[in-house]
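Descriptive structure summary
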Amino acid sequence: MTRLGPEDIDLSLYPEGTRLDADGRLLIGGCAVEDLAAEYGTPAYLIDEGALGRRAEEYRHAFASRHPRSLVLFASKSFPSASVIGVTARAGCGTDVAAAGELALALAAGADPGRMVFHGNAKTDDDIRAALQARVRYLVIDNLDDVERIARLATEPVPVLLRVSPSVQAATHEAMATGHDDSKFGIPTPQVDAAIARIREEPLLDLRGLHAHVGSQLLALDQFDAEIEALAAFERFPVYDLGGGLGVRYVSGDHAPSVEEYAERLVSAVHRHLGTDVELLVEPGRSMIARSGVTAYRVVTVKRARLTHAAVDGGMGDNLEVALYGQAFQPSVIDRSGDAEVVEIVGRHCESGDVIAHAVTTVRPERGDLVVVPVTGAYCYTMSNNYNTALTPPVVFCHDGVSRLAVRRQGFDELLAREQLLPTRADG
Ligand SMILES: Cc1ncc(COP(=O)(O)O)c(C=O)c1O
């Protein structure tokens, strides 16, 4: 029987700098996950603050060194926490927001609205008012109703970009593809010229450029070439925002382009097709934060039949990536050694689809074991929900051996406080 232990964990999936101490304890940002689990409870989202800051700086430098007039905007939808946005802003990144609430978080983080772009395929008047009031750098027009709404609400010239659906079918899960012909996002290619003309009829709309976003978790860079070529089919503008989308490694066998490779490919295609004198924006979310975050769980029960199910104290309430996209993860029992076993790591929600990872080879799990899932930094916290009254886990920052609570765990009192406890109607 093969034996496994913490030394077998693939640390290349964990935040850069993750290591084992002399006792084999897993250290994230210098903090032992066992200690964090004891202090903050499980499930918990653990963020290596230093790794995130270095990633944001790497992104900023990769683009600025190749194209000085560039701005890397962290797509806050991927982890909408003021503390997280603050780390990326301090590293020199701007912020992509797609709702008034995301804008409020970014402002609370101290991020500069002059380095923010505001998106949304169904912006309400309230969203637009918030964006105008904050004076974000660009408001992105997604549809002709946006044109009418912004023109009606604006009291001074508003710098806008037009989101184009570039007719690129992204090679990713269909739920993450956004740039194809039938996409709900942006103006379809055949209607772009008319939309540009319509925007120019509005004296307060100052059209500066075009935006496109092909999809998320893109592992092949040629899709970005196709996006840039599609944008080059229209008249030239001074600003181009190419969205986000770079994919990441979730399991050991995955391959993803580096930020350097991505920046090189994008900037050279922009220079070739759109010119060297443009302002260039990119909006990475997943590839900015995914690897900086892990989730810690406790095993609640183990059921051994034809399959072994190790059920943990979280699941699709804190990680919807598996149920939504079939995303593969590579969890491990991290706090001891033992015989290897192939197990289904499942959650505690009332759905068979509530799985964290299928057929994982890990230490034969037992009740109470600590399980860590790497690469949960993107789109897990943001999609956390209260299914089965699951409470959103805390977000804990780890840095140089010191942990800090960035977002506290939700409490039942908060759920109960919203209840109006209506008496049963006497008339039935
Ligand atoms: C307009 C826009 N920009 C950026 C992103 C971030 O994409 P990713 O997290 O794949 O980098 C998204 C994600 O859906 C998006 O819709």
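Look up: the structure comes first, before these words.
Anyway, here's the lowdown on the structure attached to this text. Bear in mind the structure is a predicted one, so any value in this text is a computation, not a measurement.

As for the sheet that holds strand 3 (residues 26–28)
- Taken in spatial order, the three strands make up an open sheet running 2-3-4, and their pairing is antiparallel. Strands at the two margins of the open sheet, each flanked by one partner only, are strand 2 (19–20) and strand 4 (31–32).
- In this sheet, strand 4 lies alongside strand 3 in antiparallel orientation, the contact comprising two bridges. Bridging from a neighbouring strand, I28 pairs with C31 of strand 4.

Focus on the layout of surface pockets
- Each pocket or cavity is described by its volume, and for the largest pocket that value is around 620 Å³.
- Together, 29 residues line the largest pocket, and K77, T178, F185, H213 and Y379 are the ones closest to its centre.
- Broken down by class, the residue content of the lining of the largest pocket amounts to ten nonpolar, eleven polar and eight charged.
- Among the domains, domain 1 (3–48 + 291–415) and domain 2 (50–289) are the pair contributing at least three residues each to the lining of the largest pocket.
- As a volume, the second largest pocket reaches approximately 470 Å³.
- Two domains each donate at least three residues to the lining of the second largest pocket, and these are domain 1 (3–48 + 291–415) and domain 2 (50–289).

Thoughts on the pattern of salt bridges
- The tally for this structure, following the rule as stated, stands at 29 salt bridges.
- For E148, the salt bridge is made with R152, and the minimal N-O distance between the two is 2.8 Å. On the criterion of helical spacing, the pair formed by E148 and R152 is a turn pair, its members being four residues apart in helix 6 (residues 144–153).
- Relative accessible area serves as the criterion here: at 35%, E148 is assigned to the partly exposed category.
- Accessibility expressed as a relative area gives 44% for R152, which makes it partly exposed.
- Ionic contacts of the salt-bridge type, sharing partners, join the residues D125, E148, R149 and R152 into one network.

A word on the environment of T301
- Inspection of the secondary structure assignment puts T301 in strand 15 (residues 293–304).
- For the pair T301 and P365, spaced 64 residues apart in the sequence, the C-alpha separation amounts to 9.0 Å.
- Non-local contacts of T301, meaning those with residues more than four positions away in its chain, are made with H309, A310 and A311.

What about the packing of helix 6 against helix 7 (residues 192–200)?
- At a closest axis distance of 10 Å, the pairing of helix 6 and helix 7 adopts a crossing angle of 10 degrees. In this view, helix 6 runs roughly parallel relative to helix 7, as classed from their interaxial angle. Of helix 7, the residues touching helix 6 (which contributes L144, V147 and E148) are A195, R198 and I199.

Details of the pairing of strand 9 (residues 138–141)
- Both faces of strand 9 are covered, namely the face carrying Y138 and V140 and the face carrying L139 and I141.
- Alignment of strand 8 (residues 116–118) against strand 9, held across two bridges, turns out to be parallel. The residue bridging V117 from the neighbouring strand is Y138, located in strand 9.
- The parallel pair strand 8 and strand 9, bridged by helix 5 (residues 125–134), forms a crossover whose chirality is right-handed.
- Here strand 9 pairs with strand 10 (residues 158–165) via three bridges, running parallel. If you follow L139 over to strand 10, its bridge partner there is V160.
- Between the parallel pair strand 9 and strand 10, the chain is carried across by helix 6, and the sense of this crossover is right-handed.

Rules of the game
- Residues numbered from 1 in each chain as written.
- Predicted model: local features only at pLDDT ≥ 70, side-chain atom pairs only at ≥ 80, totals over all residues.
- Heavy atoms only, no water.
- Pairing = 2+ DSSP bridges.
- Helix = DSSP H or I, 4+ residues; strand = E, 2+ residues; numbered from the N terminus.
- 1 Å grid on protein atoms, 1.4 Å probe; cavity = no way out; pocket = protein on both sides within 12 Å on 5 of 7 lines; lining within 4 Å.
- Points joined across faces, edges and corners; volume = space filled by probe spheres on them.
- Nonpolar A, V, L, I, M, F, W, Y, C, P; charged D, E, K, R; others polar.
- Domains from an automatic or database assignment.
- Salt bridge = Lys/Arg side-chain N within 4 Å of Asp/Glu carboxyl O.
- Buried < 20%, exposed > 50% of the residue type's maximum accessible area, 1.4 Å probe, protein only.
- Contact = heavy atoms within 4.5 Å.
- Axes fitted to C-alpha atoms, helices over the stretch in contact; angles between N-to-C directions.
- Parallel < 35°, antiparallel > 145°, perpendicular 65-115°, else oblique.
- Right-handed = clockwise from strand over helix to strand, strands pointing away.

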